[in-house]
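Coordinates in review
As a plain string of letters, each chain reads:
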Amino acid sequence: MLYNSDFYLPNGLLGNVEGYEYRAAQQQMADAIYQILDSGHLGIIEAGTGTGKSLAYLYPAICFAKTKQEKVVISTNTLNLQDQLLNKDLPGLRKLGIDFNAVVVRGWVNYPCWARAQDFLFTVTNSIEEKLVTDLIAGLERQEVTTISDCPDFSEELWEEVQAESDLCTRGKCEFYEHCPIFINRRLAEKADLLIVNHHLLLADVSIRQKLGWDTTAVLPSYKHLIIDEAHHIQDVATEYFAVKVSPVRLSRLLGLFYRRRKDRGLLNRIRQQVSKSLSEAEAADIFQLIDWHILPQIRVVDDVGAKFFDELAKYLQERNGADPESLRIPFRQGIETESVLTAYDLLHSNLRKWEIQLEKLLEMTESLSEKEGFESLFYLEAYYQRVVDFRVDLEFTMDVNQPGYVYWLKAMERQRGASLQGAPIDVGPLLKENLLFQLSSVIFTSATLSVNQDFTYFRKNVGIDFEEAWDLVTLIFESPFDYQKQVFMAVPKDLPLPDSSNYPEELANKLVDILALTKGRAFVLFTSYKMLKEVAKYLRTVGLEQTYNFLVQGEQSRYILIERFKVEPNPVLLGTDSFWEGVDVAGEALSSVIITKLPFTVPTDPIVMARSELILELGGNPFRDYFLPKAVLKFRQGCGRLIRTKTDRGLLVICDRRIMDRNYGETFIQSLASCSIENDYLDKLKQEVNLWL
Ligand code: SF4
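Treat the numbers as computed from the prediction; the structure is a model and nothing was measured.

**Description of the site of the ligand**
Contacts to the ligand come from Cys113, Trp114, Ala115, Cys169, Thr170, Cys174, Cys180 and Phe183. Residues belonging to the shell around the ligand are distributed by class as follows: 7 nonpolar, 1 polar and no charged.

As structure tokens, then:
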């Protein structure tokens, strides 16, 4: 199937689709995508809202994959975009007679493991859980169950008991291998033209390839061409992916794999059952003695000393009482020097070692049984033992704090006691460069927001494109086809205090009463901190705004429910932080106003942020210019981008942070937005102008 640019013309194939509007930028972007894939280059393409970005890369990617017989991987950050590709864009292309094979590849834990489900039934004591897992197995037999979405009644805890996991899978040796959903999916992936994945899975595959090489099947089959959509997230996902974390939750999950008192469940219970069924009393005695007298008591000790250790970390965090009470950076190479933490660490570490030694003994004693029928759980013993070792190694790593290029910190747990210990690479650029960019023939990054003032320097640095020589780098910006001059009224009220002033939340709430009235609600109010959101919500409720509008406040319901309610309820006002600045698509009058309460500068006390700005300083850069400002501008563009989703949308954009007009850097924010008229005046005056405009 040869690529034909005419596909996008009004008299081309796409022109047959009802409601199709020709967009020159979409066609140009598609041409560029095909060119980059074909010539083996690297591309950074920014495509403004409304360009039709996904169709601009799907069609050339399919044509390229079919003609060259080479797979193209498409990676997205959000499920929303994946759903759009799968349920709208790809079926739409098929309807036009374009023949291709696209497969979504998900991470292991999204699939059920038939063998684990079967094994679970041996120890289950709860009849509801037994019924659910029995139905799951019946569904697997009928090939009706494929992923977690086919099991909506499973609790998170129950799903964890039956989910597929790489280290617990016996692969070819498993009796269900041929009919196992995850391997059916992986076999389909081998034959696919397009593979649709998310950024996490992409990086999981990369980390396996670091060891196995690029010409083999890791999570994904071998591939050489990659398109990363929502690419502005790749740095954060990579940082999270390469981070090391030890937490009370991780330890309690680990302990629960072996033994759960309340539910009489866990691997040791299963091994006990198998041993007592298959071996004579005398043969079983030694194994029982090891489990009952040594391993189980040791698990209780690890549980206790682990809780003590994480509590000591939390105490240490509180006592330091730094600028950010939620997290605290641990000095590089120096580490935590407080006696009580070090004593608790030694105790946990030595008891983890003791536990490992006991498990090694159990593995040794059961080695001859592992090949026998009915002793499949001994395979899990080996895998769980490895997880204990990994936990101890990660604990050493995060307490040693001496890996060059890493930043280490403590973080308070959100809903429980204790604090977690974490370590992450300060700069993921070199990791992405070596392990991804240099391994592939072509890579294209795309998103609606990658540049700051038409400049990609910040993004390039984040993803490791600090070289020119190896590839020709193609950078392109396709402006949105929307007429922002006509569609947006941007207002900056002069009469608000600076966002850091103590009276700002109250003043903001007072002004919001008037601002919200302009569009009868139908507004997103975007915050940079949950604390301020809660304060403002309280003020607005005190003045009775709940009687006028449908008040939707982040934290009071799930994000999904809040957005769905916003779309259908009259006069909604949604107050949201981070996750509402992007990925929310409400077209038409339903969303008539976006109110930015504060320019979204990152908190400078965040340990990763601190370490990144220090690194920039060390290399002779300017942290504000090279990091804080571009990061804030990109987020600001995302937030503002919620307002206009179609050519017919019109709306009011209010920036309640007057630094955008008063400070030098404000210009960078303004210039990064598509041009629209800006009014900077007292609110009473602005209200008159907005009313005229509306
Ligand atoms: S092949 Fe692996 S994931 Fe599939 S059922 Fe068997 S053990 Fe589970």
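Let's pick the thread back up.
**Digging into the domain arrangement of the protein chain**
Domain parsing of the protein chain yields domain 1 (5-101 + 192-239 + 428-478), domain 2 (108-184), domain 3 (248-412) and domain 4 (484-693). Inter-centroid distance (C-alpha atoms) of domain 2 to domain 3 is 25 Å. Each side of the interface is counted separately: domain 2 has 17 residues, and domain 3 has 13 residues. Of the roughly 1500 Å² buried between domain 2 and domain 3 on both sides combined, carbon and sulfur atoms contribute 39%. Counting across the domain 2 and domain 3 interface gives 5 salt bridges. With its nearest N and O atoms 3.8 Å apart, the salt bridge here joins Arg253 to Glu156. Linking domain 2 with domain 3 are 4 residue pairs in polar contact (both at pLDDT 80 or more), by the criterion used here. Elements that contribute at least two residues to the side of domain 2 that touches domain 3 include exactly α4 (114-123) and α6 (156-162). Residue contributions to the side of domain 2 that touches domain 3 peak at 6 residues, all from α4. In terms of residue class, the side of domain 2 that touches domain 3 is built from 5 nonpolar, 3 polar and 9 charged.

**Some points on the pairing of strand β10 (residues 442-447)**
Of all 6 residues in β10, 6 are buried; the element is thus mostly enclosed. The alternating pattern of β10 places Ser442, Ile444 and Thr446 and Val443, Phe445 and Ser447 on opposite faces, both of which are buried. In this structure, strand β1 (residues 42-47) lies alongside β10, joined through 5 bridges in parallel fashion. Opposite Glu46, over in β10, you have Ser447 as the bridge partner. Strand direction decides the pairing type here: strand β5 (residues 225-228) and β10, joined by 4 bridges, are parallel. Within β10, the position partnered with Ile227 by the bridge is Ile444.

Scoring rules and cut-offs
Residues numbered from 1 in each chain as written. Predicted model: local features only at pLDDT ≥ 70, side-chain atom pairs only at ≥ 80, totals over all residues. Heavy atoms only, no water. Near = heavy atom within 4 Å. Nonpolar A, V, L, I, M, F, W, Y, C, P; charged D, E, K, R; others polar. Domains from an automatic or database assignment. Contact = heavy atoms within 4.5 Å. Buried area = accessible area lost by both parts, 1.4 Å probe. Salt bridge = Lys/Arg side-chain N within 4 Å of Asp/Glu carboxyl O. Polar contact = N/O pair within 3.5 Å; in protein donor to acceptor, adjacent residues only side chain to side chain. Helix = DSSP H or I, 4+ residues; strand = E, 2+ residues; numbered from the N terminus. Buried < 20%, exposed > 50% of the residue type's maximum accessible area, 1.4 Å probe, protein only. Pairing = 2+ DSSP bridges.

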